[in-house]
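Summary of the model geometry
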Amino acid sequence: MAYLAEPLNIHRRHDRSVTGSLDQKSHLGEIAMMHDLISKRLGRPLDLMRDQRSYRELLKKQFGLTTRPRKKQYPAP
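Residues numbered from 1 in each chain as written. Predicted model: local features only at pLDDT ≥ 70, side-chain atom pairs only at ≥ 80, totals over all residues. Heavy atoms only, no water.

Another point: the overall build of the protein chain. Looking only at helices and strands, the protein chain has two helices and zero strands in total. Taken over 77 residues, the protein chain has a buried fraction of 22%. When contacts within the protein chain are restricted to residue pairs at least 6 apart in sequence, those whose partners lie at least 24 apart make up 62%. Only carbon and sulfur atoms are counted for the fraction: they give 55% of the accessible area of the protein chain, which is about 6,700 Å². (Helix = DSSP H or I, 4+ residues; strand = E, 2+ residues; numbered from the N terminus. Buried < 20%, exposed > 50% of the residue type's maximum accessible area, 1.4 Å probe, protein only. Contact = heavy atoms within 4.5 Å. Areas by Shrake-Rupley, 256 points an atom, 1.4 Å probe, with all protein chains shown as cover.)

Below, the structure is given as C-alpha cells:
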C-alpha cells in the first residue's frame, strides 16, 4: 500500500465516452457554473478560483474551444 499526494481522478475523454458525446460548450458551461457555485459557498478563495480557471482553460484546449462558454443561470435557492 502506498500514499500518493497527487490527484488521480484525471480521466481520458474520447468521442464514444459519455463526456465525449456531450455538447462541449454546454459541458464546459456547466463546469463553470458549478465552479462558481462552489467558490461562492467557500467565500471565493483566490487559490481555489485560480485552480478552477486553470482547469477550465485545460478543458477548453482539450475540447478545441476558443470562445468562452456562457454559464447557465439558475435562481438562488
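From this point, things continue past the structure.
As a further point, take the packing of helix α1 (residues 24–41) against helix α2 (residues 46–63). Between α1 and α2, whose axes approach to 11 Å, the crossing angle comes to 175°. By the angle between their directions, the pair α1 and α2 is classed as roughly antiparallel. Two secondary-structure elements touch here, α1 through Q24, H27, L28, I31, A32, H35, I38 and S39 and α2 through L48, M49, Q52, Y55, R56, L59, K60 and F63. Of the residues assigned to the contact of α1 with α2, the class counts are nine nonpolar, five polar and two charged. (Axes fitted to C-alpha atoms, helices over the stretch in contact; angles between N-to-C directions. Parallel < 35°, antiparallel > 145°, perpendicular 65-115°, else oblique. Nonpolar A, V, L, I, M, F, W, Y, C, P; charged D, E, K, R; others polar.)

Time to look at the nonpolar core. Counting five residues, the largest nonpolar core is built from L28, I31, L59, F63 and L65. Elements with a contribution of two residues or more to this core: α1 and α2. Non-local contacts of L65, meaning those with residues more than four positions away in its chain, are made with Q24, K25, L28 and K60. (Core = buried A, V, L, I, M, F, W, Y, C linked by side-chain atoms within 4.5 Å.)

A word on α2. The α-helix advances 3.6 residues per turn, and as a result positions three or four apart in sequence lie on the same side. Along its 18 residues, α2 runs 25 Å from first to last C-alpha, staying within 8% of the 26 Å computed at 1.5 Å per residue. Of the surrounding elements, those touching the buried residues of α2 are α1. Downstream of α2 by one or two residues, G64 has phi in the positive range, about 75°. (Expected span 1.5 Å × (residues − 1).)

On their own, these measurements won't tell you what the molecule is for.
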